[in-house]
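A look at the structure
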Amino acid sequence: GRDYGLAAHRLAVTGLAGIGIATLLEVVMQMVPGGRRLDPLTATISAFALEPGGWLFSVGVIILAVASTVLGAALLVARLVSWRQPWAIWYALWCIGLVGLTVITKTEIGPNSSVQSRIHWSFTLLAFVSLPLAVLLIVRELRRRARTEHLRLPRPLRAATVLMWIAVGWFVLLAGQSALSVLHRDGLFPWVGLIERGVAVTEMAAVVCLGWWVIHERRAVLAAFAEQQRAHGHPEAATRRTQRPRGDSR
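Here we summarise the structure given alongside this text. Small disclaimer: the values here were computed from a predicted structure and weren't measured. (Residues numbered from 1 in each chain as written. Predicted model: local features only at pLDDT ≥ 70, side-chain atom pairs only at ≥ 80, totals over all residues. Heavy atoms only, no water.)

A look at the overall build of the protein
Counting secondary structure elements, the protein contains seven helices and zero strands. From first element to last, N terminus to C terminus, the protein shows the α and β order α-α-α-α-α-α-α. In the protein, which comprises 250 residues, the proportion classed as buried is 46%. If you take every contact in the protein between residues at least 6 apart in sequence, the share linking residues at least 24 apart comes to 74%. Looking at the protein as shown, the accessible area adds up to about 12,700 Å², and 66% of this sits on carbon and sulfur atoms. (Helix = DSSP H or I, 4+ residues; strand = E, 2+ residues; numbered from the N terminus. Buried < 20%, exposed > 50% of the residue type's maximum accessible area, 1.4 Å probe, protein only. Contact = heavy atoms within 4.5 Å. Areas by Shrake-Rupley, 256 points an atom, 1.4 Å probe, with all protein chains shown as cover.)

A closer look at the packing of helix α1 (residues 4-29) against helix α3 (residues 55-77)
Where α1 meets α3, the closest approach of the two axes is 8 Å, and the angle between their N-to-C directions is 160°. Classified by the interaxial angle, the pair formed by α1 and α3 is roughly antiparallel. The two elements α1 and α3 cross, and the hand of that crossing is left-handed. Grouping the constituent residues of the contact of α1 with α3 by class yields 24 nonpolar, four polar and one charged. (Axes fitted to C-alpha atoms, helices over the stretch in contact; angles between N-to-C directions. Parallel < 35°, antiparallel > 145°, perpendicular 65-115°, else oblique. Left-handed = near helix turned anticlockwise from the far one by under 90°. Nonpolar A, V, L, I, M, F, W, Y, C, P; charged D, E, K, R; others polar.)

Points about the nonpolar core
In terms of nonpolar packing, the biggest core is built from 53 residues, with L75, Y91 and W94 touching the most fellow members. Of all elements in the fold, only α1, α3, α4 (87-103), α5 (115-149), α6 (155-182) and α7 (192-231) reach the threshold of two or more residues within this core. For Y91, the contacting residues outside a window of four places in its chain are S68, L71, G72, L131, A134, V207 and L210. Of all hydrophobic cores here, the second largest spans seven residues; its members include W121, F128, L174 and V199. (Core = buried A, V, L, I, M, F, W, Y, C linked by side-chain atoms within 4.5 Å.)

Details of α5
Here α5 contains 35 residues, and its C-alpha end-to-end distance of 51 Å stays within 8% of the 51 Å for a straight helix at 1.5 Å per residue. Immediately downstream of α5, the backbone of H150 shows phi near 55°, a positive value. (Expected span 1.5 Å × (residues − 1).)

Observations concerning the pattern of salt bridges
Per the stated rule, a full pass over the model turns up two salt bridges. A salt bridge links E141 to R144; the shortest N-O distance between them is 2.4 Å. In this pair, E141 and R144 both sit in helix α5, three residues apart, roughly one turn of the helix. The class for R144 is partly exposed, based on a relative accessible area of 41%. (Salt bridge = Lys/Arg side-chain N within 4 Å of Asp/Glu carboxyl O.)

Details of the packing of α4 against α5
Working note: a packed helix pair is described by the angle between its axes plus the distance between those axes. Relative to each other, α4 and α5 sit at 155°, their axes nearing to 7 Å. Classed by the angle they form, the pair α4 and α5 counts as roughly antiparallel. The crossing of α4 and α5 is left-handed. Mapping the contact onto sequence places W87, W90, Y91, L93, W94, I96, G97, L98, G100 and L101 in α4 and H120, F123, T124, L126, A127, S130, L131, L133, A134, L137 and I138 in α5. By residue class, the composition of the contact of α4 with α5 is 16 nonpolar, five polar and no charged.

Digging into the environment of A7
As for its placement among the helices and strands, A7 is situated in helix α1. With 70 residues separating them in the primary sequence, A7 and V77 have C-alpha atoms 7.2 Å apart.

Digging into α3
The terminal C-alpha atoms of α3, which comprises 23 residues, lie 33 Å apart, in line with the 33 Å expected from a rise of 1.5 Å per residue. Following α3 by one or two positions, R79 has its phi on the positive side, about 60°.

A closer look at a nonpolar patch on the surface
A grouping of I62, V66, V99 and V103 is seen on the molecular surface, where their side chains present a nonpolar patch of about 320 Å² in accessible area. For the nonpolar patch, the elements supplying multiple residues, two or more each, are α3 and α4. Relative to the elements of secondary structure, V66 occurs in helix α3. (Patch = residues over 30% accessible without salt bridge, like charges linked within 9 Å, V, L, I, M, F, W, Y side chains within 5 Å.)

What to know about unusual backbone geometry
The backbone of R79 shows a phi angle near 60°, a positive value even though the residue is not glycine. Looking at the secondary structure, you find R79 in the loop between α3 and α4. Residue classification places R79 among the buried positions, given a relative accessible area of 11%.

Concerning the environment of V162
Inspection of the secondary structure assignment puts V162 in helix α6. Overall, V162 belongs to the exposed group, its relative accessible area being 52%. For V162 and A206, which are 44 residues apart along the polypeptide, the C-alpha to C-alpha distance reads 8.8 Å.

Have a look at this one:
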């Protein structure tokens, strides 16, 4: 049989590596000459795309979208979740939002934004709101399953839950800033850069937790398999590959 756990593990590692690369690009983006001209506390993240070296923003976000897709595939291959559940829709919208805000770029900075800039901002909000919903729906389903089977929620999901509620708090502030922008009262809420970065960092960390969850479950299965083999007097079989990890939703 095919080792689904190993395939999922490889996908998770690939996705986590992608997020690491995306994070590095976003950090470098703020260190290049164009990025140093902007205040990270007040300038939106996408404003860097309008500066020299702005391609770093686009490439970084696209890599994040691809890495998120790969991690979503890892969850499915590991059979920790089902694609038929509502989380999958919101997770797909997170990825679509990331691609959309990159393809349809901001054209200028300021309250009198163009239609293109408004569409860009809509994709940004779509991404920011979709991931917390996806993760919290996964957690709700796993909590239900854990109560039924008298199990504890895995540590990576507990961490992701905390991060998502923090992200929700950041998002409420961001929504308030957006409302003030529509009313041309941006000066009352100038720290949009800090708020966007707060949302972005917590949500990227939550996606990392999903990859951590896949790896955590793989290791747990291998440990349980090895223990079972030792208990039956077959220590040489303890290193064989497992064929299905825990959390099979079927």
